[in-house]
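Read off the chains here:
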Amino acid sequence: MTEISRDNPLLFFGCGNMGRAMLDGWIAAGIDPAAFIVVDPMAQALPEGVRHFADASMAGSKARIALVAVKPQVFPQISNELTDIVAGDAIVISVMAGVRVETLRSALPGRKIVRLMPNLAASLGKSPLGLFEPDGDAQLRAGIEKCLAPLGTPVWINEEVLMDAVTALAGSGPAFVYRFIDALAKAGESLGLNPAVSATLAKATVDGAVDLAIASDASPEELARRVTSPGGTTAAGLEVLDGGLQQLIDATLKAARDRGVDLSKPIEQ
Ligand SMILES: NC(=O)C1=CN([C@@H]2O[C@H](COP(=O)(O)OP(=O)(O)OC[C@H]3O[C@@H](n4cnc5c(N)ncnc54)[C@H](O)[C@@H]3O)[C@@H](O)[C@H]2O)C=CC1
Ligand SMILES: O=C(O)[C@@H]1CCC=N1
C-alpha cells in the first residue's frame, strides 16, 4: 500500500510550502508525477502529470495512501472532506504540527495513522524525517521508510509527546539556521563588507561547515576546537558567542515546542 504509483497514487491534502517540497523531492527522485494527486484550492504550477483538484469531491476514487499537509488550525474544518476521499483502510500520513494521533484517529476511524515531521529540505532529499506511529507495526514502518527514502533520513520517535520537540528542532529548525546565516551576513556588513559579498561569504561558510560536520567523525565541539587557535581570532569571537548562544537556542526551541503543545489542544470556537 506504501508503493506509490499511477495505480496506487498518493493523495496530497494540501500542497503549500511543505507539501510542495515533498512532491518536488519525490519527482526529483524519479517517481512518476502521475503517482500523485493534489487536492488544494490554491496550488499552482504543479509539475506536469500531477493530477490536481481544487475540491476533494472532484477527486473521484478513494486514496489508499494520503498525506495531510494543511495548517493544523484548518484540520477540524476539513476532516469530513478527507474522510470521504481516503479508503477505509488507508494509510494517512500527517505532517501537521501538534495534531495528535488521537485527534487524527477520531476524525479518520479505521485508517493507519503515521505522524511525520519533515522540513523544506525534502525537496533536495535532505530532510530529517521524524516519525511516529502508535502500534509498533514493523511492516507499516518498513513501507513508510521505503516510501519516504527519497526525501531524507527517517528517525522513529517512541513517545508521541516528543514529536513537539522534533517539530521545534527539525521542522522549524531551518528558519533558525536561516536567521543565523542572516545574522552572520549583517554582522559582516556592519564591519564594512559589501552586502552581497557578506551574504555570499555567510552562505558559503555555513555550507562548508555543515558539509564538514556531516563528513567528519569529529564532533561539532572538536571541529570548533580545530578552528580555534589559542589567543587567536576565533577564541575572541567564541568568548562572546558562548556567553549567550546556548541559552538563546534553549529558549527558542522551548517556545517552538510549547506552541506545538498548544496546537494539540482543541481549538476554542
Ligand atoms: N512549512 C514548513 O516548513 C513545515 C510545515 N509543516 C506542517 O505542514 C503543514 C502545512 O504547512 P505549510 O505548507 O507551511 O502551509 P501552507 O499554507 O503553505 O500550505 C497549506 C496548504 O493547504 C491548502 N488548503 C487549505 N484549505 C484546504 C482544503 N480545504 N483542502 C485542501 N487544501 C487546503 C492551502 O491552499 C495551502 O496550499 C502544517 O500543518 C505545518 O505544521 C511541517 C513541517 C515543516
Ligand atoms: O511553523 C510551523 O508551525 C510549521 C511546523 C514546523 C515548521 N513550520
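What counts and how
- Residues numbered from 1 in each chain as written.
- Chains lettered and ligands numbered in written order.
- Predicted model: local features only at pLDDT ≥ 70, side-chain atom pairs only at ≥ 80, totals over all residues.
- Heavy atoms only, no water.
- Helix = DSSP H or I, 4+ residues; strand = E, 2+ residues; numbered from the N terminus.
- Buried < 20%, exposed > 50% of the residue type's maximum accessible area, 1.4 Å probe, protein only.
- Contact = heavy atoms within 4.5 Å.
- Areas by Shrake-Rupley, 256 points an atom, 1.4 Å probe, with all protein chains shown as cover.
- Lys, Arg positive; Asp, Glu negative; His and termini not counted.
- Charge placed at Lys NZ, Arg CZ, Asp CG, Glu CD.
- Core = buried A, V, L, I, M, F, W, Y, C linked by side-chain atoms within 4.5 Å.
- Near = heavy atom within 4 Å.
- Polar contact = N/O pair within 3.5 Å; in protein donor to acceptor, adjacent residues only side chain to side chain.
- Nonpolar A, V, L, I, M, F, W, Y, C, P; charged D, E, K, R; others polar.

Enquirer: Can you help me understand the overall build of the chain in this one?
Expert: Broken down by element type, the chain carries 10 helices and 8 strands. For the chain, the C-alpha atoms occupy an extent of roughly 65 × 40 × 40 Å along the three principal directions. Put simply, the chain has 269 residues, and 39% of those count as buried. In the chain, the proportion of contacts linking residues at least 24 apart, taken out of those at least 6 apart, comes to 59%. Here the chain displays about 15,000 Å² of accessible surface, and carbon together with sulfur accounts for 57% of that area. For the chain, the centre of its 23 positive side-chain charges and the centre of its 31 negative side-chain charges are spaced 2 Å apart.

Enquirer: Whenever I open this one, the nonpolar core confuses me. Can you help?
Expert: One broad rule of soluble globular proteins: the nonpolar side chains tend to lie buried together. Counting 33 residues, the largest nonpolar core has Leu11, Phe13, Phe75, Leu82 and Val86 as its most contacted members. Listed by contribution, the elements that provide at least two residues to this core are strand E1 (10–13), strand E2 (36–39), strand E4 (63–68), helix H2 (75–85), strand E5 (86–94), helix H3 (101–107), strand E6 (112–117) and helix H5 (163–171). Not counting the four nearest positions on each side in its chain, Leu82 is found in contact with Phe13, Val68, Phe75 and Leu108. Of all hydrophobic cores here, the second largest spans 32 residues; its members include Cys15, Ala69, Val95 and Ile144.

Enquirer: Could you clarify how one ought to interpret the site of ligand 1 in this entry?
Expert: Neighbouring ligand 1 are 23 residues, the closest being Asn17, Met18, Asp40, Val70 and Ala97. Separating an oxygen atom of ligand 1 from a backbone N or O atom of Ala97 is a distance of 3.0 Å. For the shell around ligand 1, the elements supplying multiple residues, two or more each, are helix H1 (17–28) and H2. By residue class, the composition of the shell around ligand 1 is 17 nonpolar, 3 polar and 3 charged.

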